[in-house]
There are 2 protein chains.
Amino acid sequence: MPKGKTFIICGPSGVGKGTVVSRLMEADPTLYFSVSATTRAPRAGEADGVHYHFLTRERFQEWIDAGDFLEHAQFVGNFYGTPRRYVDEAMDQGRDVLLDIEIQGAEQIHQKRPEAVRIYIAPPSWEELERRLTGRGTEDGEKIRSRLARGREEFAAARDFDYLVINDTVEHAAAEIRAIMTAEHCRPAERAAQIEC
Amino acid sequence: MPKGKTFIICGPSGVGKGTVVSRLMEADPTLYFSVSATTRAPRAGEADGVHYHFLTRERFQEWIDAGDFLEHAQFVGNFYGTPRRYVDEAMDQGRDVLLDIEIQGAEQIHQKRPEAVRIYIAPPSWEELERRLTGRGTEDGEKIRSRLARGREEFAAARDFDYLVINDTVEHAAAEIRAIMTAEHCRPAERAAQIEC
């Protein structure tokens, strides 16, 4: 059985990564969606191992020291990271892995595992992204402007990604990502071993 | 409108390239299948511009001198080549181009146009390829053995290709090539220009 592959999904806040990932998981339940570890306290309704792996600061540091994170970072006083173990277990079972992470995390993983495929999800236009962020109605104008500015900044880095998918509709974006996953399994290094000699 | 891309299809004799290409053309009539030029005489039923562009030797040499071939080669005393002009016209119209060529031709195009995507179609096994070649019933044992030996030799070069598709069933192989074509249109260099800034 061929090993699974890791697909890193990045994109600006508000672009709809979560919805696209959900659509992919619905279409292929064998996909493994990586659950992050964090030191922040669980919120109401959040379950350990489902929404996050909740770790103490000491435990998180032990994992860092042991090289047990594919990437990790600190945001607003809390640590967040991608545990290596679950990703590797899923790939060993032949399952493809989806990681929904920040662009800095994608960079860390790319250094360690250049074979991980990096996909950036972009909005059809920056105006449309602004409409989507405003439409949420959860943030004030200043926060939205700051998110937009950061999205545009990050977009320069997206040009180094393997693929750029435009989320005009969820169906279209998910179909393109599925095509990318199929194509990446057709790389000769992997495929050549599947031909009986 | 984004420009079309060139997809080079190679594979050993008997693997079923023609059938896979026909299936792709049926599914997407906008695809342009490149018609080769040749100096050999038309056979019964062959039409100029449909099966081949039939050229005199003098004309063929003029095209070579003018750089009008993406690749060309001599087989059994006749010249064969891929005219650049029709490929470029199709791509300018936004059409993807399929080239069914020999592996040496693929190498020539790769030198000139590294952005052309190289797909190698392989059999599920060499035994299966032998069965397919024998099943045709058109060639004797020695010719089949020679084709098989050449196929195995070429296969080493296929590891440098961008993609390796196994033709277990025509549907499966065609679906994988369609996925590859979709994925290759998601490359950032092309896509970034499609986002309205």
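Anything mentioned here points back to the structure above.
Residues numbered from 1 in each chain as written. Chains lettered and ligands numbered in written order. Predicted model: local features only at pLDDT ≥ 70, side-chain atom pairs only at ≥ 80, totals over all residues. Heavy atoms only, no water.

Engineer: Just checking my understanding: could you explain the overall build of chain A for this structure?
Structural biologist: Broken down by element type, chain A carries 8 helices and 9 strands. Along the first, second and third principal axes, the C-alpha set of chain A runs to 65 × 40 × 30 Å. Taking all 197 residues of chain A together, 48% fall into the buried category. Across chain A, every contact between residues at least 6 apart in sequence was considered, and the portion connecting residues at least 24 apart equals 65%. With 26 positive and 33 negative side-chain charges, chain A shows a separation of 2 Å between the mean positions of the two kinds. (Helix = DSSP H or I, 4+ residues; strand = E, 2+ residues; numbered from the N terminus. Buried < 20%, exposed > 50% of the residue type's maximum accessible area, 1.4 Å probe, protein only. Contact = heavy atoms within 4.5 Å. Lys, Arg positive; Asp, Glu negative; His and termini not counted. Charge placed at Lys NZ, Arg CZ, Asp CG, Glu CD.)

Engineer: Is there a simple way to explain the pattern of salt bridges in this structure?
Structural biologist: Where charged atoms of side chains with opposite charge meet at close range, the side chains can pair. Per the stated rule, a full pass over the model turns up 30 salt bridges over all chains. Ionic pairing is found between Asp 92 of chain B and Lys 3 of chain B, a salt bridge with its closest N-O pair at 3.7 Å. Note that Asp 92 of chain B is positioned in helix α3 (residues 84-92) and Lys 3 of chain B in the segment before β1 (6-10), a separation of 89 residues in sequence. For Asp 68 of chain B, the salt bridge is made with Arg 84 of chain B, and the minimal N-O distance between the two is 3.6 Å. Placement of Asp 68 of chain B in the loop between α2 (57-65) and β5 (69-75) and of Arg 84 of chain B in helix α3 is noted, with a sequence separation of 16 residues between them. Overlapping salt bridges, with partners in common, bring together Asp 68, Arg 84, Asp 88 and Arg 113 of chain A in one network. (Salt bridge = Lys/Arg side-chain N within 4 Å of Asp/Glu carboxyl O.)

Engineer: Looking at this structure, how should I read the sheet that holds strand β4 (residues 53-54) of chain B?
Structural biologist: Pairing between sheet strands relies on hydrogen bonds along the backbone, with the strands arranged either parallel or antiparallel. All names here are of chain B. Strand order in this open sheet of 4 strands is β4-β3-β6-β5, and the pairing throughout is mixed. Of all the strands in the sheet, just β4 and β5 have a single pairing partner and so form its edges. With 6 bridges connecting them, β5 and strand β6 (residues 78-83) associate as antiparallel partners. Residue Phe 75 lies in a different strand from β6, and its bridge partner there is Asn 78. (Pairing = 2+ DSSP bridges.)

Engineer: Help me understand unusual backbone geometry in this model?
Structural biologist: Backbone phi values are negative for most residues with the exception of glycine, while trans is the configuration of most peptide bonds. Phi at Val 76 of chain A is positive, roughly 45 degrees, even though this residue is not glycine. For Val 76 of chain A, a relative accessible area of 84% corresponds to the exposed category.

Engineer: Where do I start with the relation of the copies chain B and chain A in this structure?
Structural biologist: Mapping between the two chain copies consists of a rotation about an axis together with a translation along that axis. The two copies are related by a screw operation: chain B maps onto chain A through 180 degrees of rotation and 0.0 Å of translation along the axis, at an RMSD of 0.0 Å. Taken together, the rotation and translation describe the operation of a two-fold axis. Closest approach to the rotation axis within chain B is made by the C-alpha atom of Ala 179 of chain B, at a distance of 2.2 Å. When the interface residues of chain B are mapped onto chain A, 100% of them again lie at the interface, so the same face is used by both copies. (Least-squares fit on C-alpha atoms with pLDDT ≥ 70 in both.)

Engineer: Looking at this structure, how should I read the environment of Val 165 of chain A?
Structural biologist: Within the element layout of this structure, Val 165 of chain A appears in strand β9 (residues 163-166). Residues Val 165 of chain A and Ile 121 of chain A, spaced 44 residues apart in sequence, show a C-alpha to C-alpha distance of 4.9 Å. If we skip the residues at most four places from it in the chain, Val 165 of chain A touches Ile 119, Tyr 120, Ile 121, Ala 122, Ala 173, Glu 176, Ile 177 and Ile 180 of chain A together with Cys 186 and Arg 191 of chain B.

Engineer: What is the right way to read the sheet that holds β1 of chain B from this model?
Structural biologist: All names here are of chain B. Here we have 5 strands laid out as an open sheet, ordered β2-β7-β1-β8-β9, and parallel in their pairing. The sheet is open, and its two edges are formed by β2 (32-33) and β9 (163-166), each paired on a single side. Examined bridge by bridge, strand β8 (residues 117-122) and β9 share 4 bridges and lie parallel to one another. Looking at the pairing, Ile 121 lines up with Val 165 of β9. Running over the sheet, helix α1 (residues 17-27) touches β1, β2, β7 (97-100) and β8 and is turned about 170 degrees from β7. In the packing of helix α7 (residues 170-184) onto the sheet, contacts are made with β1, β7, β8 and β9, and the angle to β9 comes to roughly 160 degrees. (Axes fitted to C-alpha atoms, helices over the stretch in contact; angles between N-to-C directions.)

Engineer: Just checking my understanding: could you explain the packing of helix α7 (residues 170-184) of chain A against α7 of chain B for this structure?
Structural biologist: For any two helices packed against each other, one specifies the crossing angle of their axes together with the interaxial distance. Interhelical geometry of α7 of chain A versus α7 of chain B gives an angle of 115 degrees and a closest axis separation of 8 Å. Note on packing geometry: the crossing formed by α7 of chain A with α7 of chain B is left-handed. Residues Glu 176, Ala 179, Ile 180, Thr 182 and Ala 183 of chain A of α7 of chain A touch α7 of chain B, and the partners they reach there are Glu 176, Ala 179, Ile 180, Thr 182 and Ala 183 of chain B. Counted by class, the contact of α7 of chain A with α7 of chain B contains 6 nonpolar, 2 polar and 2 charged residues. (Left-handed = near helix turned anticlockwise from the far one by under 90°. Nonpolar A, V, L, I, M, F, W, Y, C, P; charged D, E, K, R; others polar.)

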